[in-house]
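Each chain is listed here by its residues.
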Amino acid sequence: MFSRYSLLPVLIPVATLFLAGGVAHASPSDAQWQAINVQLTRDHILPRYQTLASSSAELANATDVLCQQPEQLTAAQTAFHKTMDAWQGIQHVQFGPIEFLMRNFSMQFWPDKKNLTSKQLNELLSQKDTASLTPEYFRGASIAVKGLPALERLLFSDKAQTPYGCQLTAAIAGNVATMSREIAQEWESQQLPRIDAAPGGEDYYEDSTEAATELMKALVEPVEVVRDLKLLRPLHKGANKAKPRRAESWRSERSLRNIQLNLAALAELYRGNSTTSVKALLIAEGESELANQIDTHFQQLDRTLSSIDKTLYQAVKNPADHATLKQVSGQMKALHSQLEEAMQKLNIQLGFNSRDGD
Amino acid sequence: MLDHTLPQRAHHVALHPTQPWLAAVARRPGRFIDVVDYNTGTLIRQVEPDTERHFYGHAIFSPDGQYLISCENNVADGQGRITVRDIQLGFSKVADHPSYGIGPHELALMADTKTLVVANGGILTHPDKGRDKLNLDSMQPSLAYIDLHSGELLEQVQPPAPLHQLSIRHLDVNAAGKVVIALQYQGAKYDDVPLVAMHQRGEPLQLLHAPDHVNRAMKQYCGSARFDASGRYAAISSPRGDLVTFWDSRDNQYLGQCKTRDGCGLAATLLPGEFLISTGSGHLYHFDMASQKRQRIKLDANLSVAWDNHMTLV
């Protein structure tokens, strides 16, 4: 219909042409991407959201128990750790139901540069308003007080919990459990059908490559985000200038564990299963060396992080550990640029304009 | 399709009003504007800034075709400059005005053909530091109206102080003098701020907020702003949110949205209410506001291409 205006011959956007160099390999087909999308959704994303839903339901129970039996604090803390483990294992997925209703920020408002979580929690604790304990309140509450960092503060405080403080803890845990349950359900009922329907191109995704691009963003971008926020910010300019309180989850002393879980999740996303994986696709494209280098980075990073025998809070202030962590950061940078290179080889555009910054 | 290899990645293409020429402007902090004949593919001129200057990505031709007008950074003091080059004088510089801000990005000429409107993004960068942003805590974006010939500042508006991190980057202007602006927020990622603005000279800056879920989906980042053929409707692309929003410039109302993965480049067609949208994955779409229909325009399958930020209808 618009061809009568003969737009095409005269339409000149700024374009960047990609010229193939060296041995020509065909890009992965839409069918190959579809196999990866389905495998990763069913074997990686759905089980991880289900683990988050079940562990946060247990945490909600544990905090209910805590309000009756204050000596059960350790059990509640253990339940928090399991929930945080689950969250760190799926934090890299930033598309789909996690994006609705600001759930990504509601689950974890962090980094909290203005210390809003403390300020707003203290306000709630001093007001002692029972109306602030209901699910209705939490639906509209500030993102700073409705997720995991608020729970961490309440469960890992030096001060003993007040009865109201415990009720608030239980209410927040209930909110986290509700969000987690809804996200798991919506992945199953909404996002999975969209990914299954991608080859038709009629629904949410135009083709399987478009759906794969979202999954590949979840593989590549977190490497840079984790490095910047979780490592470089607390490392700052040297061991004597380190900022340990910038570490994620420093109160519950699990900052390094978070990073390890993040990287383990990305490694699983990369390695897929024995027949279907991004790694196998790279090898099929004639990029075995790159494929193996990426894999080796994941292994070495895990080993180096495991070798640190302190919390991140302590390690950033120790010159030897600070140096080790700087190496980790350098290796993550190398991993990130290799993953970006891999995406080019696989002809995946992670966001030519969206990451342009102009 | 014209295939002219540029020295580096470009950002925007400007069309000459009478000659079959395009000017491809280097992406920040690049140092070339390639003026190319789109019929023959020959390079008419590679315009370079003075040493200690670089381009910001946008330039325009004056409607009479006499001048090439570009935004530049004066690296020594980081102040924005607007330079005017006379094409008949071999693209030599005939005027060099302040932009009255840091980081002038997109510019346009008002219907009077003598008033420039310039988006001073406010973000200080230095070529030695690549694309690092050096002044996010103190940035002061502005919209400046500047006399093309004298360089005099005629009017300047800014976002209110609490929103000083709303970078004014991209704009378009219609025949009635209304300016539509695509904003990029540099503050905390959970802040929910207006991402579109309209301005009419003599009035305050109108910051516009899409409905909550749409505004959130725009991810604090808009990439292009364009009026349609009628000059009443404006499209704003949000490549990070994979959508384009549409606005009525008469009453500043939000009208609707269209999902487009990594869609950034916008161009009006010759018909009111119609836009073309280009994407980073190399797709091109036609969108009709009346029918709300988006149609993919098939391109040559052998063409492996990614559309950059901006698009111009020739």
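Residues numbered from 1 in each chain as written. Chains lettered and ligands numbered in written order. Predicted model: local features only at pLDDT ≥ 70, side-chain atom pairs only at ≥ 80, totals over all residues. Heavy atoms only, no water.

Another point: the sheet that holds strand 15 (residues 196–200) of chain B. Residue and element names in this part refer to chain B. The strand order 13-14-15-16 describes an open sheet built from four strands, whose pairing is antiparallel. Edge positions in the sheet fall to strand 13 (166–173) and strand 16 (206–208), since each of these pairs with one other strand and no more. Across the sheet, the mean angle separating the axes of adjacent strands is 30° when strand polarity is ignored. By the bridge criterion, three bridges tie strand 15 to strand 16 in an arrangement that is antiparallel. Bridge pairing links Met198 to Gln206 in strand 16. (Pairing = 2+ DSSP bridges. Helix = DSSP H or I, 4+ residues; strand = E, 2+ residues; numbered from the N terminus. Axes fitted to C-alpha atoms, helices over the stretch in contact; angles between N-to-C directions.)

Applying the stated criterion across every chain, the model contains 35 salt bridges over all chains. One salt bridge in this structure joins Arg227 of chain A and Asp228 of chain A, with 3.9 Å as the shortest N-O distance. What makes Arg227 of chain A buried here is its relative accessible area of 15%. Using a relative accessible area of 33% as the deciding quantity, one classes Asp228 of chain A as partly exposed. Salt bridges here are not isolated pairs; linked through shared partners, they connect Asp50, Arg53, Glu72, Arg81, Arg85, Lys93 and Asp96 of chain B. (Salt bridge = Lys/Arg side-chain N within 4 Å of Asp/Glu carboxyl O. Buried < 20%, exposed > 50% of the residue type's maximum accessible area, 1.4 Å probe, protein only.)

Right, let's talk about the interface of chain A and chain B for a bit. Taken together, the contacts link 36 residues of chain A with 55 residues of chain B. Both faces combined, the contact of chain A with chain B buries some 4200 Å², and carbon together with sulfur accounts for 57% of it. Linking chain A with chain B are nine salt bridges, by the criterion used here. In this structure, the salt-bridge partner of Arg169 of chain B is Asp358 of chain A, at a minimum N-O distance of 3.7 Å. Summed over the shared surface of chain A and chain B, the result is 13 residue pairs in polar contact (both at pLDDT 80 or more). For the side of chain A that touches chain B, the secondary structure elements donating two or more residues are strand 1 (11–17) and helix 8 (208–235) of chain A. Looking at which element gives the most residues to the side of chain A that touches chain B, the answer is strand 1 of chain A, with seven residues. Looking at the side of chain A that touches chain B residue by residue, the classes come out as 22 nonpolar, six polar and eight charged. (Contact = heavy atoms within 4.5 Å. Buried area = accessible area lost by both parts, 1.4 Å probe. Polar contact = N/O pair within 3.5 Å; in protein donor to acceptor, adjacent residues only side chain to side chain. Nonpolar A, V, L, I, M, F, W, Y, C, P; charged D, E, K, R; others polar.)

Looking now at the environment of Trp250 of chain A. All names here are of chain A. Within the secondary structure, Trp250 is located in the loop between helix 8 and helix 9 (255–271). Residue classification places Trp250 among the buried residues on the basis of a relative accessible area of 18%. Excluding residues within four positions of it along the chain, Trp250 makes contact with Glu152, Pro244, Arg245, Ser255 and Tyr313. One polar contact links the side chain of Trp250 to the main-chain carbonyl oxygen of Arg245, over a distance of 3.4 Å.

All names here are of chain A. Taken domain by domain, chain A comprises domain 1 (28–205) and domain 2 (207–358). The C-alpha-based centres of domain 1 and domain 2 are spaced at 22 Å. Summed over both sides, the interface of domain 1 with domain 2 buries roughly 3400 Å², with 60% coming from carbon and sulfur. Counting the surface domain 1 buries against domain 2, the share from its top three residues, Trp33, His92 and Trp110, is 19%. There are three salt bridges connecting domain 1 and domain 2. A salt bridge links Asp85 to Arg257; its shortest N-O distance comes to 2.9 Å. One can count 18 residue pairs in polar contact (both at pLDDT 80 or more) joining domain 1 with domain 2. (Domains from an automatic or database assignment.)

Residue and element names in this part refer to chain B. Strand order in the open sheet formed by four strands is 1-2-3-4, and the pairing between neighbours is antiparallel. This sheet does not close on itself; its edge strands, each paired only once, are strand 1 (10–15) and strand 4 (43–47). Across the sheet, the axes of successive neighbouring strands diverge by a mean angle of 20°, strand direction being ignored.

Below, the discussion takes up the confidence of the model for chain B. The predicted model of chain B has a mean per-residue pLDDT of 94, with 99% of residues at 70 or higher. Predicted complex metrics record ipTM = 0.78 and pTM = 0.87. (pLDDT = per-residue confidence, 0-100.)

What follows deals with the state of the cysteines. This model, assessed by the stated rule, comprises one disulfide over all chains. The residue that forms a disulfide with Cys67 of chain A is Cys166 of chain A, at a sulfur-sulfur distance of 2.4 Å. Looking down the S-S bond of the Cys67 of chain A and Cys166 of chain A bridge, the torsion is -100°, so its handedness is left-handed. Highlighted residues: Cys67 of chain A in helix 1 (residues 30–68) and Cys166 of chain A in helix 7 (residues 163–196), separated in sequence by 99 residues. Here Cys67 of chain A falls in the partly exposed class, since its relative accessible area comes to 28%. Counting only cysteine sulfurs, Cys264 of chain B is the nearest neighbor of Cys71 of chain B, a cysteine outside any disulfide, at a range of 17 Å. Among the residues examined, Cys71 of chain B registers a relative accessible area of 0% and is labelled buried. (Disulfide = S-S within 2.5 Å.)

Turning next to the pairing of strand 10 (residues 115–120) of chain B. All names here are of chain B. In terms of residue burial, strand 10 counts as a mostly covered element, since six of its six residues are buried. Residues of strand 10 alternate between two faces, with Thr115, Val117 and Ala119 on one and Leu116, Val118 and Asn120 on the opposite face, all of them buried. With four bridges connecting them, strand 9 (residues 104–109) and strand 10 associate as antiparallel partners. Bridge pairing in strand 10 links Leu109 to Leu116. Between the antiparallel neighbours strand 9 and strand 10 lie five residues, among them Thr113 with a positive phi of about 60°. Both strand 10 and strand 11 (residues 142–147) contribute to a ladder of six bridges, which runs antiparallel. Paired with Leu116 across the strands is Ile146, a residue of strand 11.

Further remarks concern the side chain of Asp37 of chain B. Residues and elements named next belong to chain B. Mapped onto the fold, Asp37 is located in strand 3 (residues 33–37). We note that Asp37 is buried and unpaired, the nearest opposite charge coming from Arg45 at a distance of 15 Å. Among the polar contacts listed, one links the side chain of Asp37 to the backbone nitrogen of Thr40, at a separation of 3.1 Å. Those residues within four positions of Asp37 in sequence are excluded, and the remaining contacts are Leu2, Pro20, Trp21, Thr42 and Ile44. (Lys, Arg positive; Asp, Glu negative; His and termini not counted.)

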